[in-house]
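Per-entry structural report
The chain contents come next:
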Amino acid sequence: MKFPKKKILFCFGTRPEVIKISPLIKKSLNYFDVCSVVTGQHNTLFRDVEDLLPKVDYHIEIPVKRTLNFLFSKLFIELEQIFLKEKPDLVIALADTASAYCAAICAFNMQIPVAHVEAGLRTYNVNSPFPEEFYRQAISRMSVLNWCPNENNAQNLIKEQTPGKIIITGNTTIDLIYQHLPQLEVEDTNQVLITLHRRENKDYFEKILKQIRHFAEAHPELKFIFPAHPNPSIQKVLNVVKYSNIEIVSPLKYLDFLKLMAKSKFIITDSGGIQEEVVCLKKKTLVCRDTTERQEAIDVGVCKLVGSNLTDSFEWALSPVNHEVENPFGDGHACDRIIESMERYFDGR
Ligand code: UDP
């Protein structure tokens, strides 16, 4: 007798989640009955990356202007109905967003097992990144399977006496970027790429942008490109960087953004995921944050934490990167390991 396939349900809603979960959903279709739920946490940014997804079964509509608590209240009600209807054997959340946290806690309340992709990243400061550090710590307490990108992340979970299984897999974003490498021309040009969006940076955006403008004025040979996040705190200070060699553009589709990264001299960002991608592309990066959960990117000499004080670090960013660095975030086979781990879990092994 042939057993029905196990049903796994992916729940996600932000741009980085779509990017990182997409290769896993694609691969999982060969092994499991897959249900994919978009929470609507990001609206316009979702449209830039939705073509990476092989299937969407539910797309929850959320008003654009809302608080985190409003988002939670809406998602709890909607997700419960979806989980009741679909009866998944496993709910899969990725990383640390409000969507991931809601999906995990909603499944936990309904006694549906939860599994966590990109588990074990920590700053141990619940205000940085806010609110993500708390969300990812909480998801680890609920998950039966914790898929960690690397040994450091696994050690964090061991120290915390995490109840579920801990498996080192690599990061799925490395799987995706390796798939795209043949389409990328990695070269050193005179271009500097900028992204900023973190909630906890909102009082510093103007200060950061002023320093970038001064540097741009002093370096007319460089060309700055800034795909500006729709975050209103960024939009309202954009005039600070209106200058001849700084181009402000709309957020880009994933492959277009990768192409820009590949052609950059260096990158300025407060993003989490970009810290992993720049290690693959070996691009020096100034990280506008006080903490990072990706210390490995600093250790290999690709990223530098600068908080909101960039000026003293521009020279560092202009100096060449060490091309010999090994990638601490994965080898491009994270999805295979995650699928194998799910098969073992469903077999009771
Ligand atoms: N990204 C993109 N288009 C852009 C800017 C970023 O596709 O215009 C991608 C980038 O390659 C990375 C992800 O979005 O994979 C990072 O998202 P973000 O910085 O918003 O979130 P975080 O990683 O900080 O959670």
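Parameters at a glance
- Residues numbered from 1 in each chain as written.
- Predicted model: local features only at pLDDT ≥ 70, side-chain atom pairs only at ≥ 80, totals over all residues.
- Heavy atoms only, no water.
- Pairing = 2+ DSSP bridges.
- Helix = DSSP H or I, 4+ residues; strand = E, 2+ residues; numbered from the N terminus.
- Contact = heavy atoms within 4.5 Å.
- Axes fitted to C-alpha atoms, helices over the stretch in contact; angles between N-to-C directions.
- Buried < 20%, exposed > 50% of the residue type's maximum accessible area, 1.4 Å probe, protein only.
- Polar contact = N/O pair within 3.5 Å; in protein donor to acceptor, adjacent residues only side chain to side chain.
- Near = heavy atom within 4 Å.
- Areas by Shrake-Rupley, 256 points an atom, 1.4 Å probe, with all protein chains shown as cover.
- Nonpolar A, V, L, I, M, F, W, Y, C, P; charged D, E, K, R; others polar.
- Parallel < 35°, antiparallel > 145°, perpendicular 65-115°, else oblique.
- Left-handed = near helix turned anticlockwise from the far one by under 90°.
- Expected span 1.5 Å × (residues − 1).
- Arc of directions from axis to C-beta.
- Domains from an automatic or database assignment.
- Buried area = accessible area lost by both parts, 1.4 Å probe.
- Salt bridge = Lys/Arg side-chain N within 4 Å of Asp/Glu carboxyl O.

Strands sit in the order β3-β2-β1-β4-β5-β6-β7 across an open sheet of 7 strands; the sheet is parallel. Strand pairing shows two members of the sheet lacking a second neighbour, β3 (58-59) and β7 (165-168), which therefore form its edges. Where strand β6 (residues 143-148) meets β7, 4 bridges bridge the pair, whose relative direction is parallel. The partner of C148 across the bridge, within β7, is I168. Its contacts with the sheet place helix α3 (residues 68-86) against β1 (7-12), β2 (33-38), β3 and β4 (90-94), and it is angled at close to 165° to β1.

Relative to the assigned elements, Q191 resides in strand β8 (residues 191-195). Residue class for Q191 comes out buried when judged on its relative accessible area of 9%. A distance of 2.9 Å separates a polar side-chain atom of Q191 from the backbone oxygen of L260. Apart from the residues lying within four places of it in its own chain, the contact partners of Q191 are K223, I225, L260, K263, S264, K265 and F266.

Looking now at the site of the ligand. Around the ligand there are 15 residues in total, and L252, S271, G272, G273 and E277 lie nearest to it. S271 is positioned with one of its side-chain polar atoms (N or O) 2.8 Å from an oxygen atom of the ligand. Between G273 and the ligand, the recorded distance is 2.7 Å, taken from a backbone N or O atom to an oxygen atom. Compared with its free state, where it exposes 540 Å², the ligand has 93% of that area covered by protein. Sorting the residues of the shell around the ligand by element identifies α1 (15-28), α10 (254-262) and α11 (273-281) as the ones contributing at least two each. A class-by-class count of the residues in the shell around the ligand yields 8 nonpolar, 4 polar and 3 charged.

Now for the packing of α1 against helix α14 (residues 334-346). One can describe the packing of α1 onto α14 by two numbers: an axis separation of 10 Å at closest approach and a directional angle of 50°. Considering the angle they form, α1 stands oblique to α14. Considering only the axes of α1 and α14, their crossing is right-handed. Within the contact between the two elements, α1 uses P23, L24, K27 and S28 and α14 uses C335, D336, I338, I339 and M342. Class assignment for the residues of the contact of α1 with α14 results in 6 nonpolar, 1 polar and 2 charged.

Once that is clear, we can look at helix α8 (residues 205-218). Taking 1.5 Å as the rise per residue, α8 with 14 residues should run 20 Å; its terminal C-alpha atoms sit 20 Å apart, in good agreement. Among the residues of α8, F205, I208, L209, Q211, I212, F215 and A216 are the ones counted as buried. Each buried residue of α8 sits inside an arc of 160° when the element is viewed along its axis, so together they form one side. With respect to the buried face of α8, the exposed residues turned more than 90 degrees away are H214 and A218. Considering only its buried residues, α8 is in contact with β8, β9 (223-227), α9 (232-235), β10 (246-249), β11 (264-269) and α13 (314-318).

This part covers the pairing of β8. The side chains of a regular strand alternate, residue by residue, between the two faces of the sheet. Burial analysis of β8 places 5 of its 5 residues in the buried class, which makes it a mostly covered element. Side chains Q191, L193 and T195 of β8 all project onto a buried face; the interleaved residues V192 and I194 project onto the opposite face, where all are buried too. Note that β8 and β9 share 3 bridges and pair parallel. Paired with L193 across the two strands is I225, which belongs to β9.

Attention shifts here to the domain arrangement of the chain. Here the chain is described as being made up of domain 1 (7-170 + 333-346) and domain 2 (180-318). Distance between the C-alpha centres of domain 1 and domain 2: 27 Å. Facing 26 residues of domain 1, the contacting portion of domain 2 comprises 17 residues. Together, the buried faces of domain 1 and domain 2 total about 1,600 Å²; carbon and sulfur atoms form 49% of this surface. Linking domain 1 with domain 2 are 5 salt bridges, by the criterion used here. Taking the shortest distance from any N to any O, the salt bridge between R136 and E293 comes out at 3.0 Å. Joining domain 1 to domain 2, the criterion identifies 8 residue pairs in polar contact (both at pLDDT 80 or more).

Let's shift gears to the pattern of salt bridges. Side chains carrying opposite charge are able to pair once their charged atoms draw close together. The full count for this structure, using the stated rule, is 27 salt bridges. The residue D57 makes a salt bridge to K55 at a minimum N-O spacing of 2.9 Å. By relative accessible area, which is 36% here, D57 ends up partly exposed. A relative accessible area of 25% means that K55 is categorised as partly exposed. Linking K263 and E185 is a salt bridge whose minimum nitrogen-to-oxygen distance equals 3.9 Å. With K263 in the loop between α10 and β11 and E185 in the loop between α7 (172-180) and β8, the pair connects residues that are 78 residues apart, well separated along the chain. Among the residues examined, E185 registers a relative accessible area of 56% and is labelled exposed. Beyond isolated ion pairs, a larger network of salt bridges with shared partners links K20, D96, E118, E133, R136, E276, R289, E293 and R294.

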